[in-house]
Amino acid sequence: MAELNIFKVEYFWYQEEHEETLLAKDVEREEFETSNSDCGSASGTSKCYPGTYFQISVRLVSSPILSKDQTSVIYENDSLTTKTSYKYNTEKFLSPACIYKNDSKGNIREEKFMYPSDFTGITDLDTISGGIRNLLDKHILSPVIERSLYLKNSDSSNTRLLSSVFTSYRKDMPVPYRLYGMPVTTPLTDFAPASVSSTTINDSRYEKRIAFTSYDAKGNLLEQQKINDVKLNYLWDHNYTLPIAQVSNADSSSIAYTSFEADSKGEWTYSGSTSGSYYMTGNKSYSMGGGNITKTGLVSATYIVSYWGYGGSVNVNSAGPTKTGKTIGSWTYYEHEVTTTSITVSGSNTIDELRLYPKGAQMTSYTFSPLLGMTSQCDANNRIAYYEYD
């Protein structure tokens, strides 16, 4: 059988450079010091501050704007070429307004994007308009408000909508609030893109698909829910920069998790110190000899408390485990099922991967080494994957 040679060739075209797209490239820093003698005879309202200063020099360069690209896959006696072109509303805004792509059948797929700057005529502050107004006021222009995909004939006729997504934002902080989708079973020819007439107007057929229901003060997502689906909740650590747990089918007030790694206690309360002598995940654990671990304010329900114990189990609400799992080295997995409104973990052994969630929920947890990456992932069945880096 003869060998089939396949080649892939890519071409890229860029618009001319523009002063409006200047970016910082070479940054130089020079340090110098001044002393009292350098201040001379400063008097009156003049002030002189001896000390160490830094002089920053920045060279600005123009960023090239991608205009179009072409990809060709070449076989021995045939080829398949895909062409893509990009349109921008303004040379000062580097995100494309439209992307055109020719498919293998000769049709044109046109993807349109609308950004906050496309809604500058907003004066009303209803739920949707107020969120976009907040983005504009904070000069946050990159989020895509509406993204629509169209299909056209090769001569650009017969435009029909294949899909469209509209994202609204909160009025009090620049984060997504609701995601809406168009129910497209067959391509639509009468779709109305979002527009502005003092308020935001979008197609009335949009359906709410996802609700982003809760954030912390740092803008991290705490809870979201697809319509007619279970809730997804998140816990954050490392100064609120990394997600350490995801829980499905639970409320944010009914979950807790810690691997005793960083500054946050994962909604648990304890006063003892963590230790790096033994650990199941991350690089720390907790000796129960340092004090109890508690969680209060729960709604009366049945909860699962699980952990890995070093050398044995501990008590939850004064009772031993209801399930004992596998043992890895000196660590054993334990699980407690309790119906209560508060949790107290007590004992003398060392534990790690301490979880709390309602019965019927599922939790996946993560540990990180900041500036390096994820070091472990423990899934809903408490199977742990470890990650190492070169």
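**Observations concerning the overall build of the chain**
Step number 1: Each helix and strand counted, the chain has 1 helix and 29 strands in total.
Step number 2: Expressed as a percentage of the 390 residues in the chain, the buried residues total 37%.
Step number 3: Counted over contacts in the chain with a minimum sequence separation of 6, partners at least 24 positions apart contribute 55%.
Step number 4: As displayed, the chain offers around 22,000 Å² of accessible surface, 47% of which is attributable to carbon and sulfur atoms.

**Description of helix H1 (residues 127-137)**
Step number 1: Most of H1 is tucked away, with 8 of its 11 residues classed as buried.
Step number 2: Listing the buried residues of H1 in full gives Ile-128, Ser-129, Gly-130, Gly-131, Ile-132, Asn-134, Leu-135 and Leu-136.
Step number 3: Buried residues along H1 sit against strand E9 (160-169) and strand E12 (199-201).
Step number 4: Two residues or fewer past H1, His-139 is found with a positive phi of approximately 60 degrees.

**Section: the pattern of salt bridges**
Step number 1: Applying the stated criterion across every chain, the model contains 12 salt bridges.
Step number 2: The shortest N-O distance in the salt bridge between Asp-251 and Lys-231 comes to 2.7 Å. With Asp-251 in the loop between strand E16 (242-248) and strand E17 (256-258) and Lys-231 in strand E15 (residues 231-237), this residue pair connects regions lying 20 residues apart in the sequence.
Step number 3: Its relative accessible area of 26% is what places Lys-231 among the partly exposed residues.
Step number 4: Here the salt bridges do not stand alone but share partners, grouping Glu-110, Lys-112 and Lys-152 into one network.

**Notes on empty space enclosed by the protein**
Step number 1: This structure, assessed with the given rule, holds 1 cavity of 30 Å³ or more.
Step number 2: Size it by volume and the largest cavity reaches roughly 60 Å³.
Step number 3: Lining the largest cavity are 13 residues, and of these Asp-237, Ile-244, Tyr-257, Ser-259 and Glu-261 sit closest to its centre.
Step number 4: Elements that contribute at least two residues to the lining of the largest cavity include exactly E17 and strand E27 (362-369).
Step number 5: Among the residues making up the lining of the largest cavity, the classes are represented as 4 nonpolar, 6 polar and 3 charged.

**Structural notes on the side chain of Ser-285**
Step number 1: Its place among the elements puts Ser-285 in strand E19 (residues 285-287).
Step number 2: On the accessibility criterion, Ser-285 (1% relative accessible area) is buried.
Step number 3: Setting aside chain neighbours within four positions, we find Ser-285 in contact with Phe-260, Thr-274, Ser-275, Tyr-278, Tyr-279, Trp-331, Thr-350, Ile-351 and Asp-352.

**Quick notes on the environment of Lys-295**
Step number 1: Tracing the chain through its elements places Lys-295 in strand E20 (residues 293-295).
Step number 2: Of the residues examined, Lys-295 reaches a relative accessible area of 9% and is grouped as buried.
Step number 3: Setting aside residues no more than four positions away along its own chain, Lys-295 makes contact with Ser-253, Ile-255, Glu-267, Trp-268, Ser-342, Ile-343 and Leu-356.

**Some details on the pairing of strand E6 (residues 98-102)**
Step number 1: Where strand E5 (residues 79-87) and E6 come together, 4 bridges link them in antiparallel fashion. Its bridge partner being in E6, Thr-84 is matched across the sheet by Lys-101.
Step number 2: Both E6 and strand E7 (residues 108-114) contribute to a ladder of 5 bridges, which runs antiparallel. The partner of Tyr-100 across the bridge, within E7, is Glu-110.
Step number 3: In sequence, E6 turns back onto E7 through a hairpin of 5 residues, with Gly-106 there showing a positive phi of about 90 degrees.

**A word on a nonpolar patch on the surface**
Step number 1: A cluster of nonpolar residues, Leu-372, Tyr-387 and Tyr-389, forms a patch on the protein surface that exposes about 300 Å² of accessible area.
Step number 2: Turning to its location among the elements, Tyr-389 is positioned in the segment after strand E29 (384-386).

**Considering the pairing of E16**
Step number 1: Pairing between E15 and E16: 6 bridges, direction antiparallel. Looking across to E16, one finds that Tyr-234 is bridged to Gln-246.
Step number 2: Where E15 hands over to E16, the hairpin turn is made up of 4 residues, of which His-238 adopts a positive phi near 55 degrees.
Step number 3: As defined by bridge partners, E16 adjoins E27 across 4 bridges and the pair is classed as antiparallel. Each bridged residue has a counterpart across the sheet, and for Gln-246 the counterpart in E27 is Thr-364.

**With respect to unusual backbone geometry**
Step number 1: Although it is not a glycine, Glu-267 sits at a positive phi angle of roughly 75 degrees.
Step number 2: Examined against the element boundaries, Glu-267 turns out to sit in the loop between E17 and strand E18 (274-275).
Step number 3: With a phi close to 55 degrees, Glu-353 is a non-glycine residue in the positive phi region.

**What about the packing of aromatic side chains?**
Step number 1: Tallied over the entire structure, the rule returns 12 aromatic pairs.
Step number 2: With 6.2 Å between their ring centres and 85 degrees between their planes, Phe-191 and Tyr-206 make a pair best called edge-to-face. Placement of the pair is Phe-191 in the loop between strand E10 (176-181) and strand E11 (195-197) and Tyr-206 in the loop between E12 and strand E13 (207-215), with a sequence separation of 15 residues. Across this residue pair, the class does not change: Phe-191 and Tyr-206 are buried.

Criteria and cut-off values
- Residues numbered from 1 in each chain as written.
- Predicted model: local features only at pLDDT ≥ 70, side-chain atom pairs only at ≥ 80, totals over all residues.
- Heavy atoms only, no water.
- Helix = DSSP H or I, 4+ residues; strand = E, 2+ residues; numbered from the N terminus.
- Buried < 20%, exposed > 50% of the residue type's maximum accessible area, 1.4 Å probe, protein only.
- Contact = heavy atoms within 4.5 Å.
- Areas by Shrake-Rupley, 256 points an atom, 1.4 Å probe, with all protein chains shown as cover.
- Salt bridge = Lys/Arg side-chain N within 4 Å of Asp/Glu carboxyl O.
- 1 Å grid on protein atoms, 1.4 Å probe; cavity = no way out; pocket = protein on both sides within 12 Å on 5 of 7 lines; lining within 4 Å.
- Points joined across faces, edges and corners; volume = space filled by probe spheres on them.
- Nonpolar A, V, L, I, M, F, W, Y, C, P; charged D, E, K, R; others polar.
- Pairing = 2+ DSSP bridges.
- Patch = residues over 30% accessible without salt bridge, like charges linked within 9 Å, V, L, I, M, F, W, Y side chains within 5 Å.
- Phe/Tyr/Trp six-rings, centres within 6.5 Å; stacked < 30°, edge-to-face > 60°.

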